[in-house]
Structure formats: C-alpha cells, structure tokens
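Below are the chains, spelled out letter by letter.
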Amino acid sequence: MEGVSPAPQETRSRTPRSLLFMCRMNAVRSPMAETIARSLLPGTYVASAGVRPGERDPFVDAVLDEVGLSLGRHAPRSLDELEDDYFDLIVTLAPEAHHAALELTRSMAVDVMYWPTPDPTVATGTREQILSSYREVREFLKTLIEKRLKDPG
C-alpha cells in the first residue's frame, strides 16, 4: 500500500461535486472511504455502494471511531439501491466493483478511477492484528482521498 502513486490519467485537478465509492459488498472499504471523504471534502456529495450488499462490519466502526468518525446509520447497499445515479466520479476499490462500474458507465460521461485496496476481512490473528489491517486500509484511503481528490487550495 505504501508508495502508491497515481497514474497520470488518475491525477485530478479539482474536487468532484459528486462522488461514489464502490466495492464488492459496501461493508468495509467503500463505506470507510465514504465516511473519510465526507470529513475531508465538504461541499461534495459522497455516497457508496457495492456490487451486492453485505453485512455491516463492526471492525469498520471501531477503526473509524479511533479517529473521531462514524458510519452513523449506514447500512450496506447495492448499486440498485442508490437514490442518485449520476456522479462526477466513481472510485472503485475492488476488481469486481471496477468491472461493474465500467459496465454501468459505458454510455455515460462519468470518470471511473480504480484504487486497488486490500480487503482487511481476510486478516487473521488476534483482535489487535485484525484491527491493524483495518487501520492500514483506513489510512491508505485517507491518503488517497487527500492526494487525489482534495483541491490543493
């Protein structure tokens, strides 16, 4: 995860007005990214969805709480359950989501950006070791949002 730099076509010059984060089940990576982006990008409409809905993950709540953030009443949802269907930018965090986003936007003028993000749910070991994997993903997403989506001014 460290040392990831954007490909030239992924460098953005302005903050999008509306942004969708997508992952496989909208349970870990995309809701985490949505919550972080809302805190860093005021004035931007931010949502998240999965290719299919999953189950809310308590480890996400724990690592967001550590930095003063909360999912609130977030419930995992699929693309079909989104209230809005137009976004300036869709950021995909998993291969399956990237494929779905490209299919979805085939006839739309929407930018799609792929940020391959590790799945912390595969972590094993003690509770602290598992939480460490979730923290790494949280910090990875925060860094990318700050570097790639936030206006420099």
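Everything numeric in this text was worked out from a predicted model, so none of it was measured.

## Here's the deal with the side chain of Ser 78
Residue placement: Ser 78 occurs in the loop between helix H2 (58-65) and strand S3 (89-92). Assessed through its relative accessible area of 8%, Ser 78 is described here as buried. Those residues in contact with Ser 78 that lie beyond four places of it in its chain are Ala 49, Gly 50, Val 51, Arg 52 and Pro 53.

## Thoughts on the pattern of salt bridges
Scanning the entire structure with this criterion turns up 11 salt bridges. Note that Asp 88 is salt-bridged to Arg 17, the shortest N-O span being 3.6 Å. Of this pair, Asp 88 sits in the loop between H2 and S3 while Arg 17 sits in the segment before strand S1 (18-23); the two residues are 71 residues apart in sequence, bridging distant segments of the chain. Close ionic contact of Glu 128 with Arg 135 constitutes a salt bridge, the shortest N to O distance being 2.6 Å. A residue is classified by how much of its surface remains accessible, and Glu 128, at 48% relative accessible area, is partly exposed.

## Some remarks on helix H1 (residues 29-40)
With 12 residues, H1 ought to run about 16 Å at 1.5 Å a step, and its terminal C-alpha atoms sit 16 Å apart, in line with that. Among the 12 residues that make up H1, 10 are buried, leaving the element largely enclosed by the rest of the structure. For H1, the complete set of buried residues consists of Arg 29, Ser 30, Pro 31, Met 32, Ala 33, Glu 34, Thr 35, Ile 36, Ala 37 and Leu 40. Looking at the buried side of H1, the elements it contacts are S1, strand S2 (45-50), H2 and helix H4 (127-148).

## Re a nonpolar patch on the surface
Side chains of Tyr 86, Leu 104 and Met 108 sit close together on the surface and give an oily, nonpolar patch of about 280 Å² of accessible area. Secondary-structure assignment places Leu 104 in helix H3 (residues 95-104). Residue Leu 104 is classed as partly exposed on the basis of its relative accessible area of 40%.

## With respect to H4
Residues spaced three or four apart along an α-helix face the same direction, because each turn holds 3.6 residues. With 22 residues, H4 should reach 32 Å at 1.5 Å per residue; the first-to-last C-alpha distance of 32 Å fits that figure. Looking at the buried residues of H4, the elements they touch are S1, H1, H2 and strand S4 (111-114).

## Points about the nonpolar core
Core analysis: the largest hydrophobic core is formed by 32 residues, its most contacted members being Leu 19, Phe 21, Met 32, Trp 115, Leu 141 and Ile 145. Broken down by secondary-structure element, the contributors of at least two residues to this core are S1, H1, H2, S3 and H4.

## Structural notes on the pairing of S2
S2 sits mainly inside the fold: five of its six residues count as buried. Crossover S1 to S2 through H1 is right-handed.

## Some details on the environment of Thr 124
In this structure, Thr 124 sits in the loop between S4 and H4. Residue Thr 124 is classed as exposed on the basis of its relative accessible area of 65%. The contact partners of Thr 124, leaving out residues within four places of it in the chain, are Gln 129 and Ile 130.

## Brief notes about the confidence of the model for the protein chain
Looking at the protein chain, the pLDDT average stands at 89 and 90% of residues meet or exceed 70. Confidence over residues 1-12 falls short of pLDDT 50; this stretch has 18 contacts with residues more than four positions distant or in other chains.

Cut-offs and rules
- Once a new chain begins, its residue numbering starts again from 1 and follows that chain's sequence as written.
- Only residues with pLDDT of at least 70 get local features here, since the model is predicted, and only at 80 or more are side-chain atom pairs given and counted; chain-wide, interface and lining totals rely on the full set of residues.
- Side-chain numbers come from the whole structure's heavy atoms, not from hydrogens or water.
- Runs of E in the DSSP output that reach at least two residues are strands. Runs of H or I that reach at least four are helices, and both are numbered from the N terminus.
- With a 1.4 Å probe rolled over the protein chains alone, any residue whose accessible area is under 20% of its type maximum counts as buried; one over 50% counts as exposed, and the rest are partly exposed.
- The contact criterion used throughout is that any non-hydrogen atoms of two residues lie within 4.5 Å.
- One side-chain nitrogen of Lys or Arg within 4 Å of one carboxyl oxygen of Asp or Glu is enough to make a salt bridge.
- Each helix should span, by expectation, one fewer than its residue count multiplied by 1.5 Å.
- Residues enter patches when they are more than 30% accessible in relative terms and free of salt bridges; like-charged ones are connected within 9 Å and nonpolar ones (Val, Leu, Ile, Met, Phe, Trp, Tyr) within 5 Å.
- Here, Shrake-Rupley sampling with a 1.4 Å probe gives the accessible areas, and only protein chains in the shown set may cover a residue.
- The nonpolar core is taken to be a set of buried Ala, Val, Leu, Ile, Met, Phe, Trp, Tyr and Cys residues, with the residues joined through side-chain atoms within 4.5 Å.
- By definition, the crossover connecting two strands over a helix is right-handed if that path, from the first strand to the second, turns clockwise as seen with the strands pointing away from the viewer.
- Known as pLDDT, the predictor's per-residue confidence is scaled from 0 to 100.

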